[in-house]
Amino acid sequence: MKTRKLLAMMLALLVILISGCGKEAEVIIQEEPKPLTDMEITDPIELAEIWDGYLYFAITTIMNTETYNSPADIDPNDIIQYCWDQYLADNGKEALIATLEPVSEESNSLYFPMETAMDYVEKYFNTRELDLSLMQEEYYDVNKGAFTFPAYGRRILSYRDENAWGIELEQAIRHTDGSITATLAQNANGRNELVEREFICTLIPRDDGSYYISRGTWQYLDIDTVAIQGDHLDLGPLETGYKRIIGETADWVIMSTNDEERPLLALDKGTLEVVRALSADGAEYTRPGTVKDEDIILYLEGRIEIYNSELRFEEEIGLPSSLLRTEGEDEVFGRDLSPDRKNVIYSDKEGLKLYNLESGSSSLLMGTLPGRGQPPDGIRNRYFYHPRFVAGGYKVVATLAGYDYNTGFISYELETGTFQLVEEYFEGISTKNQFYDSGMLAWIEAHREGEAGEAEIPTDYGLFDVYYYDFASGQTNIIEAELAETSVDYIRWPDSVYNGKNQVAFLTFTDNMKVIHINRLNLDTWKLEEDIVNVEGANVYILGVLEDGSILFSYYRNSAENGLCLIR
């Protein structure tokens, strides 16, 4: 009984305390936190950290993959290249040169240790599993168990700066789970205000505040923005994988393609429709080939094949192993069959060589030239790349290799053993893209008169002169093209020029690279036709110039906006 009374008293006291001496009880309800929402990141410092730390080196590597949802979807060569770029940025070129093992004395490449590489793969892709069987041999030394990459100096451009890819950080969104979705916009033609496509990349956070790359995809914007002005014939969308015209027969135009199953096509000269295709049968071609005297010459890993004007097999020429190596210390940098089919010109690390098919012997025509500067920024040697017989077969031309760009070319006269060096800094040219033996057109850095009677000096404003080098005479002709001036830091692609038999077609650029102009030069009259056709909103590729001067070109903005065109 006493216990019940005691409990009653305690309950009464508790009620008094809660009621606040007769006042109504105040019930305190703790509010629920407001739900978080996705937020756009606008802080310049944070945007710079995302761009510098994760996105910049992705542009030239993992963004080559159209869509990926895991590292397994990405080419491992791109993943390792991305990790090497990050490793190089973290440590600096000089530090790595001092600490890592060089691949060879002549090379500026270093061994990227497997364990270190996999640490970076885990850091940026959250895995240590890569299919190394897909690695290119030039980047992976199986016996060494390490990757190999050059130690180059590379400055990270700010996310606010223009770059050669026309890619900018458009937006970054932080989601409620802490992940970040970054949208990178790519403009058409590099520096162009017309956005062509967007890359959507997702970064996943870790507990330490770092991120790793999870997934990404390219998406094209459905905007009809390509404008073509000038007299041209529209041949329809790109469907055949056209690459370059390698020559003509009496009835057909012979076209190389990107199709491994059909590397060559024969097009009707009148309609340019495909009338016949060459079946590859699993063969690997080392270069597109050439057309000489109605015969089609194809270069394979172990032989040269000759087809007649109807793409029918005619003859096979076997080559010794010394002319076939495409990698390693004994790598051959190119080969070409003489018009009389008696000799093969080729080059390797020793120099420019001639192989006689009848005697089976090789002779060194000219030794490798010394380089300029010192590695890693300079080169020890300037090798001869892509040698070609020209001027009826009595001369040979070859590109002089450089570090980041070609350093010129050489013309060698076989009968006299004399040669001519053209060592100007130039762009948009390589003997690899020579299908006729008349000459080459190129852009060289312009010189302008200095002030107050000073000597001519190279301009710092990126002006270029257009010139044509005639193989037979060895003369250089400056072409007075009003539209030839363009930006020095704009990278020309090989399809910017095509040296035809009788005429040359080349591209120039205006309006801050927004408009591409197609020009034609007659090699007999030296008459220059500028701006025959211009294209805005798309990249332009010159596929070839026919003997009658007709220009076949393609334009490409995206998978929905592209086409093949002919200029008569």
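Residues numbered from 1 in each chain as written. Predicted model: local features only at pLDDT ≥ 70, side-chain atom pairs only at ≥ 80, totals over all residues. Heavy atoms only, no water.

**Looking at the overall build of the chain**
Across its full length, the chain carries five helices and 42 strands. Taken over 568 residues, the chain has a buried fraction of 48%. Summarising the internal contacts of the chain: among those between residues at least 6 apart in sequence, 48% fall at separations of at least 24. Counting every atom, the chain has about 28600 Å² of accessible surface; 48% of that belongs to carbon and sulfur. (Helix = DSSP H or I, 4+ residues; strand = E, 2+ residues; numbered from the N terminus. Buried < 20%, exposed > 50% of the residue type's maximum accessible area, 1.4 Å probe, protein only. Contact = heavy atoms within 4.5 Å. Areas by Shrake-Rupley, 256 points an atom, 1.4 Å probe, with all protein chains shown as cover.)

**What about the confidence of the model for the chain?**
Put simply, the chain has an average pLDDT of 82, and 80% of its residues get 70 or more. Mean pLDDT values for the elements of the chain range from 42 in strand β33 (residues 457-458) up to 97 in helix α5 (residues 114-125). For the stretch residues 11-19, pLDDT sits under 50, and the model shows three contacts to residues farther than four places along the chain or on other chains. Within the model, pLDDT remains below 50 along residues 450-462, and this stretch shows 17 contacts once partners closer than five positions in the same chain are excluded. (pLDDT = per-residue confidence, 0-100.)

**What about the pattern of salt bridges?**
What the rule picks out here adds up to 17 salt bridges. With a closest N to O distance of 2.9 Å, D495 and R244 form a salt bridge. Of the two residues, D495 sits in the loop between β35 (476-479) and β36 (497-499) while R244 sits in strand β12 (residues 242-248), which places them 251 residues apart along the sequence. Just as D495 is buried, R244 falls in that class too. Here R303 makes a salt bridge to E305, at a shortest N to O gap of 2.9 Å. Looking at R303, the relative accessible area reads 26%, which means it is partly exposed. (Salt bridge = Lys/Arg side-chain N within 4 Å of Asp/Glu carboxyl O.)

**Describing the sheet that holds strand β3 (residues 109-113)**
In space, the three strands of this open sheet follow the order β3-β5-β4, with antiparallel pairing throughout. Lying at the two open borders of the sheet, with one neighbouring strand each, are β3 and β4 (140-141). The pairing of β3 with strand β5 (residues 146-150) spans five bridges and is classified as antiparallel. Counterpart to L110 in the pairing with β5 is F149. This element, α5, spans β3, β4 and β5 of the sheet and lies at about 70° to β3. (Pairing = 2+ DSSP bridges. Axes fitted to C-alpha atoms, helices over the stretch in contact; angles between N-to-C directions.)

**Some remarks on the pairing of strand β18 (residues 303-307)**
A large share of β18 lies buried, amounting to four of its five residues. As judged from the four bridges shared by strand β17 (residues 295-300) and β18, these two strands associate in the antiparallel manner. Looking across to β18, one finds that Y299 is bridged to I304. Between the end of β17 and the start of β18, which pair antiparallel, lie two residues. Sheet analysis places β18 next to strand β19 (residues 313-318), joined by five bridges and oriented antiparallel. Its bridge partner lying in β19, Y307 is registered against F313. Hairpin connection between β18 and β19: a loop of five residues separates the two successive antiparallel strands, and L311 in this loop has a positive phi of roughly 65°.

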